[in-house]
Amino acid sequence: MWTLKLIAADTKMEFVRYRLMAFVLSALLLIGSVGAFISNGLNFGIDFKGGTLIEISSDIEIDIAQLREQLTGLNIGEVQIQQFGTPSDALIRVSADEAAESAEGGLSAVESIRNELQGRFEIRRVEIVGPQVSGELIQTGILAVLAAIVSMLIYIWFRFEWQFSVGAVLALIHDVVLTIGIFSLLQLDFNLSILAAILTIVGYSMNDTVVVYDRVRENLRKFKKMPLDDLLNVAINETLSRTVMTSVTTLIALIALYTLGGEVIRGFTFAMIWGVVVGTYSSVFVASPLLLYLGVKRDWSGNQTD
Amino acid sequence: MLHFSKLKIAGMALVFLAGILFSLPNFLSQQTRQAMPEFLPSSALNLGLDLQGGSHLLLSVDVQEVQNERLDGLVADVRLALRGAGIGYTGLGRVANGVSVNLRDIEQLAEARKVLDGLAQPVAPLVFGGFNEAVDLDITQSDSSGFTLTLTEEAIIARNTRTVQQSIEIIRRRIDELGTTEPTIQRQGDTRILVQVPGLDDPQRLKALLGQTAKMNFHLVDQNASPYDVMGGKRAPAGARLVYTDTQPAVPYLIRRRAMVSGERLVDASIGFDPQTNAPEVNFRFDSVGGKKFGEVTKANIGRPFAIVLDDKIISAPVIQSAILGGAGRITGNFSVQEANDLAILLRAGALPAPMNILEERTVGPGLGADSVAAGRIALIVGFLAVISFMLLSYNVFGLFANVALIINMVLIMAVLSGLQATLTLPGIAGIVLTVGMAVDANVLIFERIREELRANKAPITAIDVGYNRALGTILDANVTTLLAAIILFQLGSGPIRGFAITLAIGIVTSVFTAFTLTRFFISLWVRAKGRPAQLPL
């Protein structure tokens with residue numbers, strides 16, 4: 001009976017042998033990410049920066065340049081306008097008045113824009129975030145990502161050995177840094193939903209890594225004399241089919257969301273797609289080869305956690 | 001691994017049945033749902049504001065203001081108490097977070113202490129029946145001859161709680177007047193209030209209603225000095241202060257500090273129209289105490305102006321023509337119909353105990369909400385079909401089992417969301433679509449493991465058995481990590497993000513559950529039907 005097999009049965013690819021290439025690639029990507037972050041920073045959305053965001057829609061194509069001129073005339077501070085999805089939709093952003101302690105500083109801006117655009121455009125969404133709230137969101141955001149990473153570290157340590165948890169967490173940090181890097185490089189809007197995506201990526205990438213590690217542990221018990229790099233290769237190859245299958249089904253769902261799910265969550269799905277690709281790569285090429293260097297314990301005879 | 005006891009089968013059937021029952025209301029019309037018998041679940045999914053459109057406002061209550069008022073009151077209390085006891089003092093006044101006073105005669109320290117201790121009142125315990133002997137004042141001897149009085153931690157917490165609760169009550173009354181459906185008003189953190197009003201696409205009026213303290217008082221105008229002289233730097237007469245009108249340009253008035261009648265005495269307010277000019281006005285009525293007081297004061301001050309002060313701005317300063325005895329009156333300002341209406345609403349609902357600031361506003365128009373629902377639905381259907389076809393191609397009849405499990409998974413997710421009355425948001429829909437992709441993972445792990453065992457020349461039944469056993473640990477470990485991430489997301493998140501975390505978490509649990517019960521059950525049925533097949537279609 002015929003079935004589709006993305007990965008041939010019994011692959012014997014020598015992933016670990018190419019680890020140096022993978023490490024160099026990862027190092028370059030990491031350096032690039034950090035470099036982009038240092039030189040460009042992140043294009044923080046109003047969730048983290050405070051300010052006002054208005055989504056408008058029209059029946060006809062919106063002339064961004066003309067709209068910009070018109071709104072700049074309102075004297076409400078720095079106004080950014082960009083197309084949003086289709087030519088007949090646009091996003092207007094007004095930066096927060098840094099002196100204002102509450103969102104009320106933004107209210108008047110919204111009002112004057114509303115008055116100016118009333119009738120000609122449908123105002124689809126208004127978001128105003130005061131500086132106090134945005135400051136807190138940054139804080140809880142950083143805290144949440146750290147908490148996620150630390151809880152993974154502890155969980156893996158509990159279920160495996162500290163070497164595994166270090167390898168897994170290094171791979172996680174790799175994924176998070178690369179995700180932040182791409183957002184910095186492309187200057188995509190970095191808002192609360194991107195942070196949610198990063199946390200989900202942390203969970204997904206960990207999921208992938210755990211499956212490979214689980215097999216490594218099993219093989220450590222089974223092949224007590226096999227050299228570690230061969231053993232890692234066997235584990236990666238054995239789980240490769242599953243790794244690819246799950247990534248593909250997840251990517252299928254994500255691509256459906258990206259293309260059909262609407263503009264509002266496009267940034268989120270983009271981050272997720274990137275994260276799934278990077279996370280899959282890192283569990284095969286980063287997390288597993290790292291075990292070589294972490295001095296994994298070879299004698300598992302007395303350890304039967306499951 | 002392939003044997004299922006009757007009890008287990010019954011349990012599975014029960015879960016499945018419950019899933020259908022709880023998700024069913026989502027496919028029924030409002031009327032059918034209401035007509036359903038009491039014992040059946042009848043609640044459909046809650047759509048978040050980002051899907052049905054509406055306004056989300058995060059307000060912070062300025063509790064500092066209330067504390068300041070309390071401390072100002074305390075200064076007066078201390079003055080009265082010390083005077084009453086015949087104790088001489090100097091330098092009575094506010095310090096940063098308290099009140100300080102010095103005694104003229106050190107001999108009276110002990111006596112003063114006793115008098116001041118008498119000012120402290122027990123703090124009402126927050127928990128009913130709680131054992132609590134805390135008092136609201138902390139009195140310390142600041143130096144040899146003085147005392148500092150500060151509010152205790154318990155007093156501040158109790159007062160803040162009361163302030164926020166009162167504010168919520170008043171916000172609720174104000175919003176109810178707008179006639180919107182099902183607003184949510186809840187306390188968040190210590191001093192914040194979250195207001196969510198569905199179906200409101202221009203929250204301007206709501207914000208105007210919530211942004212005002214609406215403290216209204218009636219003061220006599222002090223005519224002993226010209227307000228313009230006081231503006232120019234002259235001292236205001238004792239007991240008077242400068243207040244401006246809310247008009248453009250603002251006109252200054254000198255008013256008596258002490259209110260002739262306080263706005264707390266108002267019992268009703270409504271919009272009315274001047275019979276002559278037809279201009280909108282606000283009619284109000286005092287309670288009996290307020291009405292009597294108002295009558296007395298107006299009787300004694302005929303021909304003099306008084307000021308109606310709202311949130312420290314004069315909205316009207318008429319001259320008293322005659323004694324107003326009935327306890328009712330009217331405010332004629334330069335109102336539009338809506339302004340008069342809103343003022344009446346504010347006066348009816350009562351004043352907020354403290355000013356409020358709007359920290360965050362998120363409003364989604366109904367158009368965008370509907371578009372998001374449509375887009376989410378299409379993405380879900382397309383993603384679902386694509387994953388199902390892919391699974392079918394990859395695992396044949398086993399893929400079919402996984403797909404049936406996936407469908408039941410969706411039903412269960414919907415059931416749990418409806419049953420818990422969780423809110424479905426746009427990121428929540430994304431979570432469901434993502435779950436479609438990830439939910440098959442448990443089955444993929446199992447099927448791949450079975451394939452491996454088959455390659456190791458195991459008999460089909462053994463391969464299935466071993467495959468399930470070995471995959472179990474992996475699946476649990478792998479899913480706990482995603483679940484951890486979802487829990488942290490839930491902790492972090494506000495509305496929409498929480499919706500995502502909830503669907504993700506529910507999806508993980510149901511997908512592991514279905515993989516270990518349903519698909520396994522289907523496979524066992526299939527194996528039996530095939531009469532122990534010599535080959536598996538994997």
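These numbers were taken from a predicted model, which means no experiment stands behind them.

A separate point is the overall build of chain A. If you tally the helices and strands in chain A, you get nine helices and six strands. For chain A, the C-alpha atoms occupy an extent of roughly 75 × 50 × 35 Å along the three principal directions. Counting every position in chain A, which comprises 306 residues, the buried fraction comes to 49%. Long-range pairs, those at least 24 residues apart, make up 77% of the contacts in chain A with a sequence separation of at least 6.

With that settled, the discussion passes to the packing of helix 11 (residues 366-420) of chain B against helix 12 (residues 426-455) of chain B. A pair of packed helices is characterised by two quantities: the angle between their axes and the separation of those axes. All names here are of chain B. Where helix 11 meets helix 12, the axes come as close as 8 Å, and the angle between the chain directions of the two elements is 5 degrees. The angle between the axes of helix 11 and helix 12 places the two elements in the roughly parallel class. Of the residues assigned to the contact of helix 11 with helix 12, the class counts are 19 nonpolar, seven polar and no charged.

Residue and element names in this part refer to chain B. In this sheet, strand 11 (residues 252-256) lies alongside strand 10 (residues 240-245) in antiparallel orientation, the contact comprising five bridges. The partner of valine 243 across the bridge, within strand 11, is tyrosine 253. With antiparallel pairing between neighbouring strands as the criterion, strand 10 and strand 11 make up a hairpin whose turn holds six residues. By the bridge criterion, two bridges tie strand 10 to strand 16 (residues 313-316) in an arrangement that is parallel. Along strand 16, the bridge assignment pairs tyrosine 244 with lysine 313.

On to the environment of phenylalanine 270 of chain A, then. Tracing the backbone shows phenylalanine 270 of chain A in helix 9 (residues 266-293). Residues phenylalanine 270 of chain A and aspartate 230 of chain A lie 40 residues apart in sequence; the distance between their C-alpha atoms is 36 Å.

Attention now moves to the interface of chain A and chain B. If you look at the interface, chain A gives 64 residues, while chain B gives 62 residues. Broken down by secondary-structure element, the contributors of at least two residues to the side of chain A that touches chain B are helix 4 (104-117), strand 5 (122-129), helix 5 (131-159), helix 7 (192-222), helix 8 (228-260) and helix 9 of chain A. A total of 14 residues in the side of chain A that touches chain B trace back to one element, the largest contributor, which is helix 8 of chain A. Within the side of chain A that touches chain B, the residues separate by chemical class into 34 nonpolar, 18 polar and 12 charged. Examined bridge by bridge, strand 5 of chain A and strand 18 (residues 356-364) of chain B share five bridges and lie antiparallel to one another. The residue bridging glutamate 127 of chain A from the neighbouring strand is arginine 362 of chain B, located in strand 18 of chain B.

On to the confidence of the model for chain A, then. Regions with low pLDDT carry predicted coordinates that are not meant to be interpreted in detail. Here chain A averages 86 in pLDDT, and 93% of its residues register 70 or above. Across residues 98-103 of chain A the pLDDT falls below 50, and counting only partners more than four positions away or on other chains, this stretch makes 13 contacts in the model.

Segmentation of chain A into domains returns domain 1 (16-44 + 134-293) and domain 2 (51-129). One C-alpha centre belongs to domain 1 of chain A, the other to domain 2 of chain A, and the line joining them spans 37 Å.

An order of 3(A)-4(A)-2(A)-5(A)-18(B)-2(B)-8(B)-7(B) is seen for the eight strands of this open sheet, with the pairing classed as antiparallel. The open sheet has two edge strands, strand 3 (79-84) of chain A together with strand 7 (184-188) of chain B, and neither has a second partner. This sheet shows a mean twist of 20 degrees between the axes of neighbouring strands, independent of strand direction. As defined by bridge partners, strand 2 (residues 51-57) of chain A adjoins strand 5 of chain A across seven bridges and the pair is classed as antiparallel. Note that in strand 5 of chain A the partner of isoleucine 54 of chain A across the bridge is valine 126 of chain A. Packing of helix 5 of chain A onto the sheet brings it into contact with strand 5 of chain A together with strand 2 (54-61) and strand 18 of chain B, and relative to strand 18 of chain B it is tilted by some 70 degrees. Across the sheet, helix 6 (residues 153-178) of chain B lies against strand 2, strand 7, strand 8 (192-198) and strand 18 of chain B, angled at about 20 degrees from strand 8 of chain B, the strand it touches most.

A few words now on the sheet that holds strand 10 of chain B. Residue and element names in this part refer to chain B. In space, the six strands of this open sheet follow the order 11-10-16-15-9-12, with mixed pairing throughout. One side of each edge strand has no neighbouring strand; the edge strands of this open sheet are strand 11 and strand 12 (261-262). Relative to strand 12, strand 9 (residues 216-220) is paired through two bridges, and the arrangement is antiparallel. The residue of strand 12 that forms the bridge with asparagine 217 is serine 262.

Let us now look at the nonpolar core. Grouped together as the largest cluster of nonpolar side chains are 208 residues, with contacts concentrated most on Leu199 and Val202 of chain A together with Val433 of chain B. The element best represented in this core is helix 11 of chain B, accounting for 21 residues. In this structure, leucine 199 of chain A is in contact with Ala144, Val145 and Ala148 of chain A together with Ala485, Ile488 and Leu489 of chain B, ignoring residues within four places of it in sequence. Core analysis: the second largest hydrophobic core is formed by nine residues, Val78, Leu82, Val99 and Val101 of chain B among them.

Cut-off values and rules
- Residues numbered from 1 in each chain as written.
- Chains lettered and ligands numbered in written order.
- Predicted model: local features only at pLDDT ≥ 70, side-chain atom pairs only at ≥ 80, totals over all residues.
- Helix = DSSP H or I, 4+ residues; strand = E, 2+ residues; numbered from the N terminus.
- Buried ≥ 20, exposed ≤ 12 C-beta atoms within 10 Å, placed from the backbone.
- Contact = placed C-beta atoms within 7 Å.
- Axes fitted to C-alpha atoms, helices over the stretch in contact; angles between N-to-C directions.
- Parallel < 35°, antiparallel > 145°, perpendicular 65-115°, else oblique.
- Nonpolar A, V, L, I, M, F, W, Y, C, P; charged D, E, K, R; others polar.
- Pairing = 2+ DSSP bridges.
- pLDDT = per-residue confidence, 0-100.
- Domains from an automatic or database assignment.
- Core = buried A, V, L, I, M, F, W, Y, C linked by C-beta atoms within 7 Å.

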